[in-house]
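So the chains spell out like this:
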Amino acid sequence: DTGVSQDPRHKITKRGQNVTFRCDPISEHNRLYWYRQTLGQGPEFLTYFQNEAQLEKSRLLSDRFSAERPKGSFSTLEIQRTEQGDSAMYLCASSLLPGGSGELFFGEGSRLTVL
Amino acid sequence: AQTVTQSQPEMSVQEAETVTLSCTYDTSESDYYLFWYKQPPSRQMILVIRQEAYKQQNATENRFSVNFQKAAKSFSLKISDSQLGDAAMYFCAYRSGTSYGKLTFGQGTILTVHP
């Protein structure tokens, strides 16, 4: 399967702990995005990378959140000192730029539950 | 800032019938794209159909078509000959023509298909 893969699919943690999610995009895609989706809502943009450069960050991305894409391939999203409000599905997507309409290909998501 | 509104939290349709999902958006831009994404339960989001704002002709993909009313800022999705596999959450999304991949999503519409 050459789609976007995310790991882990589900993480349960206690408040105050740190968690890290990994995303492997489609191999030839140079743009990678992170979105957050809470139950019953549409995804909200968090941040995106072009190759290894983080080009934009949403105001939703507090100081406790950090994302990296060190070699322009996979990306990690770390949440420090988790809070119950961080419970959500974290979606990764990738796209190819330039060309096309910038269609995003999504992974299945990493669901975070903070107890 | 752009906003996307889906006013129908839930819709249902009988198998083989036609259903229309509504979406309105607000923007001051002239160059943009609109999308409908489908998110089946516990599966990744996939693109159903896209519309370039500069195109007057409504997009069509097999059983899926849109009614794009640019002046009214309306973008509805029509699903013809509904199938059980069409059951999912459907999201309308907006992308600025200058932003490759940063999507603004609506709240979603849950579509149930009855056999």
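Here, the structure is the one placed above.
From a predicted model like this one, the values you see are computed outputs, not experimental measurements. (Residues numbered from 1 in each chain as written. Chains lettered and ligands numbered in written order. Predicted model: local features only at pLDDT ≥ 70, side-chain atom pairs only at ≥ 80, totals over all residues. Heavy atoms only, no water.)

Peer 1: Honestly, the environment of Gln14 of chain B in this entry has me stumped. Any pointers?
Peer 2: All names here are of chain B. As for its position among the elements, Gln14 is in strand E2 (residues 10-14). Each C-alpha atom of the pair Gln14 and Ser80 lies 11 Å from the other, and the pair is 66 residues apart in sequence. The residues contacting Gln14, other than those within four sequence positions of it, are Ser82, Val113, His114 and Pro115. (Helix = DSSP H or I, 4+ residues; strand = E, 2+ residues; numbered from the N terminus. Contact = heavy atoms within 4.5 Å.)

Peer 1: Would you take a moment to explain the pattern of salt bridges for this structure?
Peer 2: Two side chains of opposite charge can pair, provided their charged atoms sit close to one another. As enumerated under the stated definition, the model contains nine salt bridges over all chains in all. Note that Asp24 of chain A is salt-bridged to Arg22 of chain A, the shortest N-O span being 2.7 Å. Exposure remark for Arg22 of chain A: the relative accessible area of 33% places this residue in the partly exposed category. For Glu103 of chain A, the salt bridge identified is with Arg50 of chain B, shortest N-O distance 3.2 Å. Here Glu103 of chain A is found in the loop between strand E9 (88-95) and strand E10 (105-106), whereas its partner Arg50 of chain B is found in strand E6 (residues 46-52) on a different chain. Judged by relative accessible area, Glu103 of chain A falls into the partly exposed class, the value being 23%. What you see here is one network of salt bridges that share partners, running through Arg64, Glu83 and Asp86 of chain A. (Salt bridge = Lys/Arg side-chain N within 4 Å of Asp/Glu carboxyl O. Buried < 20%, exposed > 50% of the residue type's maximum accessible area, 1.4 Å probe, protein only.)

Peer 1: I would appreciate a short explanation of the state of the cysteines in the present structure.
Peer 2: Here a disulfide denotes one covalent bond, and it connects the sulfur atoms of two cysteines. Residues and elements named next belong to chain A. According to the stated counting rule, one finds two disulfides over all chains in the structure shown. Sulfur-sulfur distance for the disulfide between Cys23 and Cys92 comes to 1.8 Å. Its S-S torsion of about -70 degrees marks the bond between Cys23 and Cys92 as left-handed, since a negative value means left-handed. Note that Cys23 is positioned in strand E3 (residues 19-24) and Cys92 in strand E9, a separation of 69 residues in sequence. (Disulfide = S-S within 2.5 Å.)

Peer 1: Please explain the nonpolar core as it appears in this structure.
Peer 2: Considering soluble globular proteins, one finds that nonpolar side chains tend to be buried as a cluster. Residues and elements named next belong to chain B. Counting 25 residues, the largest nonpolar core has Tyr25, Trp36, Phe75, Leu77 and Tyr90 as the members making the most contacts within it. Elements supplying a minimum of two residues to this core: strand E3 (19-21), strand E5 (32-39), E6, strand E8 (64-69), strand E9 (74-79), strand E10 (88-96) and strand E12 (109-114). For this core, the leading source of residues is E10, giving four residues. Sequence-distant contacts of Leu77, that is, excluding residues within four places in its chain, are made with Val19, Thr20, Leu21, Trp36, Ile49, Phe64, Ser65, Val66 and Tyr90. (Core = buried A, V, L, I, M, F, W, Y, C linked by side-chain atoms within 4.5 Å.)

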